[in-house]
Structures are given as structure tokens and as C-alpha cells.
Amino acid sequence: MAKTHTIAVAGKGGVGKTTTCGMIIDYLCKQKNGSILVVDADANSNLNEVLGVEVETTLGDIREDMAHAELTNSIPANMTKADYAEYMFADALIEQDDFDMLVMGRTQGKGCYCYVNGVLKTQIDKYAGNYRYMVIDNEAGLEHISRGTLPHVDTMLLISDCSRRGIQAVGRIAEMISQLELKPTEMRLIVNRAPGGKLDPGVAEEIEKYGLDLVGVLPQDETVYAYDCAGKPSSQVPDSTPVKQALAEIMKKLNL
């Protein structure tokens, strides 16, 4: 089996990052090039809604339960801590027809979670190896990647809206990625919600200033807004819409 290709999506809130991530997942599902593990690593994200998936248990819930069980010595006597983790973990994997999904959930409260985070990392590494693609929706701080809970990133996609401030925000994320020495194999920029799919010269100037590598521009698309208002999964807007066509071009450029 080919090595898992990890795609991480990052950007500040409100730029359409999660909707873009959902459309990337939808595109990969339709290509049928291999199995997909989706990881929602942004506690404020609603990736499950964008994809039309119900979530019952998050890894955050399991982490709290495991930490509590360790503290109170209530792990079943016939199980090792690793067995117990695996048993709990199986509950968190949401299996869909086209992909499986893990939701990281909230970060932990007080106390030492070193052991539990270590177990989490071991389990995710083990799971990830069974998939052709792993797609991670991150918060702007990239906490789970920087902590090493999630694996090395092959394709880092920075998502911005078409404003100068949006570009400045992803420029700061790019600087942080460099400072943390995360070293993704490639890092590219997608500009979202551009009127008519065109980049303003001032925004292009800002992209150049931050040394960002633009892979494509997604147009503002009313269909996405209409789906969202109707409570329909926005990742599933028709492939004939301008935003989906532009995304397909970007995915081809990325060889995904």
C-alpha cells in the first residue's frame, strides 16, 4: 500500500477554511484513489456539518475519560492501559461510505495529560497507516501538529479570503510553521471568496511580500451561501458550480 499522504488545511476563522477543506475531501472521495481519514483538529470547526456527518464522541472526550480512569484506577482489571485506549478509540472513529472521521474536540483541562497524549499519538499513527489520504482541518495555531499528536504534513494548504488582512494572517501562520520547524513537504496558498475569481493587485502584492506560493483562487459562490442557509452540507454543492470547478483545477495542480 502507498504511504499515507497527509494534507493539512490552516487559516484564521471566518475565511471559509472549513468549507474549502470539506470540498477538498469531497473531491478526493470522487477521485476514488484510495481511502481517506478526515481529522477535525479545530475545536471551533464544524467540519462534520460541512460534510453532513453526526458526531457522538470526540477524542477530547476520550482523553478526559482516560485521564480520569488513570487517576481513579478504574481501568478494567483485565485490560492494559494501551488495550483500554484502543477500546475507547474505536468508539471515536466515525465510519462513512467514502471516508472515516476523527474529531479531536476541545483541548484538555488542568492536570498532566502526557501519557494520554502519547497514547493518542500512537493510535492516530496506527490508524493513519491504513489510509491513502489523511486530511486535517486545523485551527490557526496548528496545536496538534506542533505538539506532534498528528503526523508530518506532506501538503500544507493555507486558506485566506481575498483581503490584505487575510493574507497578513496566513503570512503569520507561514512564519509560525517555519519557527516551529514543521517542514511540510510543500506549502501553498489558496485565496478564497474572490469576486469573479479574480485577484486584486493589492492582494497579489501582499502575497508577494510574504513570499507565499499561490496555487489558485476560489471565486465567491452564492451556491455555497444558499446551501449553508438551507442547512445542507456545503461541501456537496454541485461539481458544475464555479467554486467546485476552480477547486478541481487546484487539486490537479497539486497532483492530488
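Please refer to the structure placed before this passage.
Residues numbered from 1 in each chain as written. Predicted model: local features only at pLDDT ≥ 70, side-chain atom pairs only at ≥ 80, totals over all residues. Heavy atoms only, no water.

**Concerning the pattern of salt bridges**
Test applied: Counted as salt bridges are all cases of a side-chain nitrogen of Lys or Arg within 4 Å of a carboxyl oxygen of Asp or Glu. Under the scheme used here, helices are H or I runs from DSSP no shorter than 4 residues and strands are E runs no shorter than 2 residues, and both carry numbers assigned from the N terminus. Under the scheme applied here, a residue whose accessible area is under 20% of the maximum for its type counts as buried, over 50% as exposed, and between as partly exposed, the area being computed with a 1.4 Å probe on protein chains only.
Applying the stated rule across the entire model yields 17 salt bridges. Note that K244 and D26 form a salt bridge whose closest N and O atoms lie 2.8 Å from each other. Of this pair, K244 sits in helix α10 (residues 242-253) while D26 sits in helix α1 (residues 17-31), placing them 218 residues apart in sequence. Across this residue pair, the class does not change: K244 and D26 are buried. We note a salt bridge from D213 to R188, for which the minimum N-O separation is 3.1 Å. Of this pair, D213 sits in the loop between α8 (201-209) and β8 (214-219) while R188 sits in strand β7 (residues 186-194), and the two are 25 residues apart along the sequence. Salt bridges linked by common partners bring D26, K30, D239 and K244 together as one network.

**Points about the side chain of R188**
Heads up, the condition is: The definition of a polar contact used here is a pair of N or O atoms within 3.5 Å, where within protein one atom must be able to donate a hydrogen and the other to accept one, and adjacent residues in sequence count solely through side-chain atom pairs. Contact between two residues is taken to exist if any of their heavy atoms lie within 4.5 Å; hydrogens are not considered.
Assessed through its relative accessible area of 17%, R188 is described here as buried. In this structure the side chain of R188 is engaged in a polar contact, spanning 3.1 Å, whose partner is the side chain of D213. Once residues within four sequence positions are removed from consideration, R188 is found in contact with M156, L157, L158, D213, L214, V215 and L254.

**Brief notes about the packing of helix α7 (residues 164-179) against α8**
The cut-off we apply is this: Every axis corresponds to a line fitted to the C-alpha atoms, with the helix fit spanning only the stretch in contact, and the corresponding angles, defined between N-to-C directions, vary from 0 to 180 degrees. Should an angle fall under 35 degrees it is called roughly parallel, over 145 degrees roughly antiparallel, and 65 to 115 degrees roughly perpendicular, with every other angle called oblique. We call a crossing left-handed when the near helix sits turned anticlockwise from the far one by less than a right angle, and right-handed when that turn is clockwise. Gly counts as polar in this scheme, as do all residues outside two lists: the nonpolar Ala, Val, Leu, Ile, Met, Phe, Trp, Tyr, Cys and Pro, and the charged Asp, Glu, Lys and Arg.
Closest axis-to-axis distance for the α7/α8 pair is 9 Å, and the angle between their directions is 15 degrees. By the angle between their directions, the pair α7 and α8 is classed as roughly parallel. For the element pair α7 and α8, the recorded crossing hand is right-handed. In contact with R164, I167 and Q168 of α7, α8 contributes G202, V203, E205, E206 and I207. Among the residues forming the contact of α7 with α8, the class breakdown is 3 nonpolar, 2 polar and 3 charged.

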